[in-house]
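Each chain, written out:
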Amino acid sequence: MSSRRSRSSRQTGASMISEDQINDLVLQLHRLLPELGNNNRRSGKVSASKVLQETCTYIRNLNKEVDDLSERLSQLLESTDSAQAALIRSLLM
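This one's a predicted model, so the numbers in the text were calculated from it and none came from an experiment.

S.K.: Tell me about the UniProt feature "coiled-coil region" (unreviewed entry) in the chain, residues and numbers included.
M.R.: When the UniProt feature table is mapped onto this chain, "coiled-coil region" (unreviewed entry) is found at residues 52-86. Annotated as residues 52-86, this span is 94% helix and 0% strand, and its ends, taken at the C-alpha atoms, are 41 Å apart.

The structure is reproduced here in structure tokens:
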């Protein structure tokens, strides 16, 4: 038995996750990723490690996009008069 399986077998039943559950979760992630969803139709199966790598990249890119949009919104609010800024803030809340 491999060391990975040995460690897994020592875990309690409540904290164990089956290989089928992991595969299902990876498949769900795969379906959520725009680039992989398109590539899969052309090239077939994608490895779990590729799905996880792409998921991390996608999340990093989303975080960067949120930061960029927040910065742009801050600049917009600074450049508008207070009445317009108040209106924009009320729409966002």
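S.K.: So what's going on with the nonpolar core? Residues and values would help.
M.R.: Counting residues in hydrophobic clusters, the biggest one holds 5 residues: Val 26, Leu 33, Leu 36, Val 46 and Val 51. Sequence-distant contacts of Val 51, that is, excluding residues within four places in its chain, are made with Val 26, Leu 29, His 30, Leu 33, Leu 36 and Val 46.

S.K.: Before we move on, can you summarise the environment of Leu 77 with the specific residues and values?
M.R.: Tracing the backbone through its elements, the reader meets Leu 77 in helix H4 (residues 48-79). For Leu 77, a relative accessible area of 15% corresponds to the buried category. Look past the residues within four positions of Leu 77 in its chain and what remains in contact with it is Ala 85, Ile 88 and Arg 89.

Calculation criteria
Chains are numbered independently. Their residues run from 1 in the order of the written sequence. Per-residue local features are limited, in this predicted model, to residues with pLDDT of at least 70; the limit for side-chain atom pairs, both in listing and counting, is 80 or more; totals at the level of whole chains, interfaces and linings are taken over all residues. The side-chain figures draw on all heavy atoms in the structure; neither hydrogens nor water molecules are used. UniProt positions are given in the numbering used here, feature names are shortened, and annotations may be inferred rather than shown by experiment. The secondary structure listing takes helices from DSSP runs of H or I that are at least 4 residues long and strands from runs of E that are at least 2 residues long, numbered from the N terminus. Buried Ala, Val, Leu, Ile, Met, Phe, Trp, Tyr and Cys residues that are joined via side-chain atoms within 4.5 Å together make up what is termed a nonpolar core. Burial status follows relative accessibility: with a 1.4 Å probe on protein chains alone, a residue under 20% of its type maximum counts as buried, one over 50% as exposed, and anything between as partly exposed. Residue contacts are counted whenever heavy atoms from the two residues lie within 4.5 Å of one another.

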